[in-house]
Amino acid sequence: MAASVVLDPVDLDILRLLQNDARTTYRDLAAQVGVAPSTCLDRVNRLRRSGVILGHVLRLDPAKLGRGLEALLSVQVRPHRRELVGPFVERVRALPEARTVFHLTGPDDYLVHVAVHDMADLQRLVLDSFTSRPEVARVETRLIFQQWECGPLLPPAANHGDVAP
């Protein structure tokens, strides 16, 4: 597990604001958190160097791109061995339909979020890209009716020792 980074209240405010709108200018960001723009820029750069900020992501609407059906595929791989994990994950990540891949504990080894055109496209994906693989023992498909983004990701409360007072 990676070591956590000590963050003060200004850092937390910067992270909260940037997660809500990563296009916020440093001048506006600085004004909202109460520091000089140069200080704000230094803090954001430190958060990038320390790996707290991993990048900036452009989110797209899958439905507007012709991929209006989303699903979660629970995949069981047998045998579940190290030499199969890397190649399996890379094959899944290369699929244009794949959005996210999770390696799990429990009865399922992977959870794959996919976006496809329609039910026939989902069936083709499951049959051609998953169940046809010799290492895939089982696939369960769950359609996503709706999804919601949650609030900004911030460290646990200060009483857990992860945030500077």
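Please read these numbers as outputs of a predicted model, since none were measured by experiment.

**Focus: the sheet that holds strand 4 (residues 136–144)**
Taking strand neighbours across the sheet as the criterion, the 4 strands line up as 2-3-1-4 in an open arrangement whose pairing is antiparallel. Each having just a single partner strand, strand 2 (98–103) and strand 4 make up the two edges of the open sheet. For this sheet, the mean inter-axis angle between neighbouring strands, taken without regard to orientation, is 20 degrees. Bridge analysis of strand 1 (residues 69–77) against strand 4 gives 8 bridges, and the strand direction is antiparallel. Bridge assignment links Leu 72 to a residue of strand 4, and that residue is Arg 142.

**Some thoughts on the environment of Leu 29**
Position of Leu 29 among the secondary structure elements: in helix 2 (residues 26–33). C-alpha of Leu 29 to C-alpha of Cys 40: the two residues are 11 residues apart in sequence and 7.3 Å apart in space. Once you skip the residues sitting within four places of it in the chain, Leu 29 turns out to touch Ile 14, Leu 17, Leu 18, Thr 24, Cys 40 and Val 44.

**Topic: the pairing of strand 2**
Two elements, strand 2 and strand 3 (residues 110–116), share 5 bridges in a ladder whose sense is antiparallel. From the neighbouring strand, Phe 102 faces strand 3, where its bridge partner is Leu 111.

**Description of helix 3 (residues 37–49)**
Here helix 3 is 13 residues long and its end C-alpha atoms lie 18 Å apart, about the 18 Å a rise of 1.5 Å per residue gives. Among the residues of helix 3, Cys 40, Arg 43, Val 44 and Leu 47 are the ones counted as buried. The arc enclosing the buried residues of helix 3, seen along the axis, measures out at 95 degrees, which places them on a common side. Across helix 3 from its buried face, at more than 90 degrees, point the exposed residues Asp 42 and Arg 49. As for helix 3, its buried residues are in contact with helix 1 (9–20) and helix 2. Positive backbone phi, at 85 degrees, marks Gly 51, one or two positions downstream of helix 3.

**Some points on the pattern of salt bridges**
Applying the stated rule across the entire model yields 17 salt bridges. Between Arg 43 and Asp 11 there is a salt bridge, with its nearest N and O atoms 2.8 Å apart. Here Asp 11 lies in helix 1 and Arg 43 lies in helix 3, a separation of 32 residues in the sequence. You'll find Arg 43 and Asp 11 in the same group, each marked buried. When salt bridges that share partners are traced, they join Asp 8, Asp 11, Arg 43 and Arg 46 into one network.

**A word on a nonpolar patch on the surface**
Residues Leu 58, Leu 60 and Leu 65 make up a contiguous nonpolar surface patch of about 360 Å² in total accessible area. Among the secondary structure elements, Leu 60 is positioned in the loop between helix 3 and strand 1.

**Looking at the environment of Ala 98**
Examined against the element boundaries, Ala 98 turns out to sit in strand 2. Each C-alpha atom, one on Ala 98 and one on Ala 71, is 9.8 Å from the other, the two residues being 27 residues apart in sequence. Not counting the four nearest positions on each side in its chain, Ala 98 is found in contact with Val 92, His 113 and Val 114.

**Looking at the side chain of Thr 24**
Of note, Thr 24 is situated in the loop between helix 1 and helix 2. Contacts of Thr 24, omitting those with residues within four sequence positions, involve Leu 17, Leu 29 and Gln 32.

**Focus: the packing of aromatic side chains**
The full count for this structure, using the stated rule, is 2 aromatic pairs. When the ring of Phe 88 is compared with that of Tyr 110, the centres are 4.7 Å apart and the planes differ by 40 degrees; the resulting orientation is tilted. In this pair, Phe 88 is assigned in helix 4 (residues 82–94) and Tyr 110 in strand 3, connecting sequence segments 22 residues apart. We note that Phe 88, like Tyr 110, is buried. Taken together, a centroid distance of 6.5 Å and an interplanar angle of 65 degrees make the contact between Phe 88 and Phe 130 edge-to-face. You can see Phe 88 sitting in helix 4 and its partner Phe 130 sitting in helix 5 (residues 119–131), a full 42 residues away along the chain. Of the two residues, Phe 88 and Phe 130, both sit in the buried class.

About the thresholds
- Residues numbered from 1 in each chain as written.
- Predicted model: local features only at pLDDT ≥ 70, side-chain atom pairs only at ≥ 80, totals over all residues.
- Heavy atoms only, no water.
- Pairing = 2+ DSSP bridges.
- Helix = DSSP H or I, 4+ residues; strand = E, 2+ residues; numbered from the N terminus.
- Axes fitted to C-alpha atoms, helices over the stretch in contact; angles between N-to-C directions.
- Contact = heavy atoms within 4.5 Å.
- Expected span 1.5 Å × (residues − 1).
- Buried < 20%, exposed > 50% of the residue type's maximum accessible area, 1.4 Å probe, protein only.
- Arc of directions from axis to C-beta.
- Salt bridge = Lys/Arg side-chain N within 4 Å of Asp/Glu carboxyl O.
- Patch = residues over 30% accessible without salt bridge, like charges linked within 9 Å, V, L, I, M, F, W, Y side chains within 5 Å.
- Areas by Shrake-Rupley, 256 points an atom, 1.4 Å probe, with all protein chains shown as cover.
- Phe/Tyr/Trp six-rings, centres within 6.5 Å; stacked < 30°, edge-to-face > 60°.

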